[in-house]
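# Residue-level structural notes
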Amino acid sequence: MQRRSLLKNLALTVGGLVSLPAWATGWSPDSLGAVSTLAPDDETLLGEIVETFIPETTTPGAKSLKIHQFAMRMIRDCYDQTAQATLQQGLALTEATAGQTINKSFGSGNAAERMAILTSLSASADSAGKAFVDLIKRLTIQGYMNSEFYLVNVEKFNMAPGFYHGCVPVAKLAVTGGK
Amino acid sequence: MSFLNIDSVKERTYDAIVVGSGISGGWAAKELTGKGLRTLVLERGRDVKHITDYPTTMMQPWEFAHLGQLSKEYRDANPVASRCYANREDATHFFIKDAEHPYVQEKPFDWIRGYQVGGKSLMWARGTQRWSEYDFDGPARDGFAVDWPIRYADLAPWYSYVEKFAGISGNKDGIATLPDGEFLPPHEQSCVEKHFTDTMAKQYNGTRPVIIGRCAHLTKPQPIHYQQGRAQCQNRSICQRGCPYGGYFSSNASTLPWAAKTGKMSLRPDSVVHSIIFDEKLGKATGVRVVDAHTKEMTEYYAKIIFVNAACLNTNLILLNSKSNRFQNGLGNDNGLLGKYVAFHNFRTTISAEHEGFQDTTTEGIRPNGSYIPRFRNVVKQETDFLRGYAAGFGSSRATSVDTSAMGEDLKSSLMQPKYGNWRVSSHMMGETIPKESNYVALDSALTDAWGIPQLKISVAYDDNDEKMIVDFHEQMSEMLTVAGFKNIQTHDKPDKAPGLDIHEMGGVRMGKDPKTSLLNKWNQLHACKNVFVTDGACMTSTSTQNPSLTFMAITARAADHAVKELRKGLL
């Protein structure tokens, strides 16, 4: 955790006037807490679905970044009741479609089979399927692009850059990896 | 309170009382204590200590459970507070809960409040521009409200005084409509903003300047700022969480600790001011009645002078609720105008556009600021079918985009390589509204809050002048953007966006020359009760277009100086 050292620097910056408040060491990656709005099997399935959207390669996929937990949390806390129903129905539809098309569970399918299932759900006459795929895909992308992994490694996010340059060549940023 | 013994009264007696600890109250506290007055600062909300009480300030974006979004439960319970742009998951603790502080909306008005030590100075947008002579002249020239009893020359030295202490970044632009101040180094404009500035300068012969915004950020701290315990702004632009560096000006980082250092300040949080006590025999105010926010117990505090800085509408509320035999309709309200002529800034509309040029450039770092277009309409003479005009913020960024149509590894590789899109710009209108008698606040005759104080009834709305101004903003900005080569120009008027979200409400206790048509004199004293000073937004005779806080600071410092001089002469 870098926070403590950041704050030590801060204390030095302003002449040692600052004592570290309690929150300076309070946070840990687990402090967001687990979300348990789904049965364990359903949560596992959702993990496989987000992983299908953004799979592990040489870099982390959505499942290892716990994007399914993020999606569950957002649906529970920030969306209305219909989204919760869309989630439940969609998981059931996904598993049912897997049974019909590949004769095994969604999680047992390979990447191509899984993508075909989600694509067919998205195109199916049942609007619940498309609503589910759209919802989870949107949340997966949002969660992934705002994860620590993504912001630090792709966006080169710097919380306190200490500067702003209004007009820099794109080519220069590509070299320095700045943002 | 005859049952209290003399010692208790003595303990509750000060030289000065300041009601409110936000931007103007903090300045009153600093000035009065700095001049040696034992000063009681009353704050209705909880204490917020600089740094210690900024719990989210060092959190990374991914540490927020909802990535900054407000929960549905919170939004449902707090529809008004949720509509404030600054109220996000990282700052909800600085906004009041709607249900705890009810008010009556005779017309829709989103009243945004921050009840805590520091008030809204913790979450403000930090834009700080001086008024000019063209602004103070407005009501007299155009025949609305009443003439301001002061002019730019009266306030100019006080602008300088507060700017040096607060720390204002800006460029010396030499514009008559927006006088230069005591500036720390300016932020940079982006390539596209510079292009817009240059094009406008040529197209309009210098009559439509576009400048970098002036804002209360320490771009290069001076000794006076280090003495406050503040350090250089780190360009985080998450100011609404409270800044551990003191990189932007807030009461908590600046004026209140300065006042505390004098040893003359008593700061009392959780103290809801019910009313001001008027003594008929003495013909002046003697103190305030305070309800403890938690125990609801009422206590009186006494002082020779009282500064009311409760924030515009609450200052109106306190004065309206300060009823006595002499002032049956509120303190100083002999003419019945208290609570009337409330105005605001029209923030209802924005315009956006793209530029296809400058493809090989972008920005780097973070800028807690944007460019700014000072008012150019009706400045020297009346030229439109509406009165006054608008300023506008003007921001830009080089958009990045990702293709999200695929899934699997194709989607991932698209996400991992964001592509630059066009430069995008956005501009928001800040329109002057004309104070009118029909835009008013009053005490509700039946409803009270949890502290037994009448609820405020707010009746404030847009008018035809505002509608015409919106149309003109769209027309003029579209023309300006087109001239500068922008494409995809889109206007975004939101007629449902209620007044209040600008958080620039002003007036109700206006300054003026004549006690028959105004409440305050040129020193911000109530005409009819000279030891009560109102120096927050409530005192404003008109609104002009500038972000108002800097003017409140300057007016407060000026009034405090006058108050202490009068006190020393034995005149208060």
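Keep in mind that what you see is a predicted model, and the values were worked out from it rather than measured.

## Considerations on the overall build of chain B
Helices and strands together make up the secondary structure of chain B, namely 14 helices and 23 strands. For chain B, the C-alpha radius of gyration of 24 Å lies close to 25 Å, the compact-globule estimate for 572 residues. Its C-alpha atoms give chain B principal-axis dimensions of about 80 × 55 × 50 Å. Put simply, chain B has 572 residues, and 64% of those count as buried. Within chain B, counting contacts between residues at least 6 apart in sequence, those at least 24 apart form 72% of the total. Carbon and sulfur atoms make up 50% of the accessible area of chain B, which totals about 20,200 Å². Distance between charge centres in chain B, computed from 66 positive and 64 negative side chains, equals 5 Å.

## Remarks on the UniProt feature "domain: Glucose-methanol-choline oxidoreductase C-terminal" (unreviewed entry) in chain B
The UniProt entry lists residues 435-555 of chain B under the feature "domain: Glucose-methanol-choline oxidoreductase C-terminal" (unreviewed entry), expressed in the numbering used here. Helix makes up 22% of residues 435-555 of chain B and strand 27%. Its end C-alpha atoms lie 19 Å apart.

## Let's talk about the UniProt feature "domain: Glucose-methanol-choline oxidoreductase N-terminal" (unreviewed entry) in chain B
As recorded in UniProt, the sites labelled "domain: Glucose-methanol-choline oxidoreductase N-terminal" (unreviewed entry) are residues 105-322 of chain B. Across residues 105-322 of chain B, the secondary structure splits into 28% helix and 18% strand, with the terminal C-alpha atoms separated by 22 Å.

## Topic: the state of the cysteines
Enumeration over the complete set of coordinates arrives at 1 disulfide over all chains. A sulfur-sulfur separation of 2.0 Å characterises the disulfide bridge that pairs Cys 167 of chain A with Cys 191 of chain B. Across the S-S bond linking Cys 167 of chain A and Cys 191 of chain B, the dihedral sits near 115°, which makes this disulfide right-handed. Here Cys 167 of chain A, found in strand S1 (residues 164-169), pairs with Cys 191 of chain B, found in helix H8 (residues 191-203), and the two come from separate chains. Since its relative accessible area comes to 6%, Cys 191 of chain B is described here as buried. With no disulfide of its own, Cys 233 of chain B lies 6.5 Å from the sulfur of Cys 239 of chain B, the closest cysteine sulfur. Using a relative accessible area of 8% as the deciding quantity, one classes Cys 233 of chain B as buried.

## Some thoughts on H8 of chain B
Owing to its 3.6 residues per turn, the α-helix brings residues three or four apart onto one side. Its 13 residues place the ends of H8 of chain B 18 Å apart at the C-alpha level, agreeing with the 18 Å of an ideal helix rising 1.5 Å per residue. For H8 of chain B, the full list of buried residues reads Cys 191, Val 192, Glu 193, Phe 196, Thr 197, Thr 199 and Met 200 of chain B. In the core, the buried residues of H8 of chain B are packed alongside S1 of chain A together with strand S14 (361-365), strand S15 (371-373), strand S16 (390-401), strand S17 (419-432) and helix H13 (464-483) of chain B. Backbone geometry just downstream of H8 of chain B places Asn 205 of chain B in the positive-phi region, at approximately 50°.

## What to know about helix H4 (residues 81-102) of chain A
Residue and element names in this part refer to chain A. Counted at 1.5 Å a residue, the expected span for H4 with its 22 residues is 32 Å, and the 31 Å between its end C-alpha atoms agrees. Among the residues of H4, Ala 83, Gln 84, Thr 86, Leu 87, Gly 90, Leu 91, Thr 94, Thr 97, Ala 98 and Ile 102 are the ones counted as buried. Viewed along the axis of H4, the buried residues span an arc of 160°, placing them on a single side of the element. Opposite the buried face of H4, by more than 90 degrees, sit the exposed residues Gln 81, Thr 82 and Gln 100.

Calculation criteria
- Residues numbered from 1 in each chain as written.
- Chains lettered and ligands numbered in written order.
- Predicted model: local features only at pLDDT ≥ 70, side-chain atom pairs only at ≥ 80, totals over all residues.
- Heavy atoms only, no water.
- Helix = DSSP H or I, 4+ residues; strand = E, 2+ residues; numbered from the N terminus.
- Rg over C-alpha atoms; globule rule 2.2 N^0.38 Å.
- Buried < 20%, exposed > 50% of the residue type's maximum accessible area, 1.4 Å probe, protein only.
- Contact = heavy atoms within 4.5 Å.
- Areas by Shrake-Rupley, 256 points an atom, 1.4 Å probe, with all protein chains shown as cover.
- Lys, Arg positive; Asp, Glu negative; His and termini not counted.
- Charge placed at Lys NZ, Arg CZ, Asp CG, Glu CD.
- UniProt positions renumbered as here; feature names shortened; annotations may be inferred.
- Disulfide = S-S within 2.5 Å.
- Expected span 1.5 Å × (residues − 1).
- Arc of directions from axis to C-beta.

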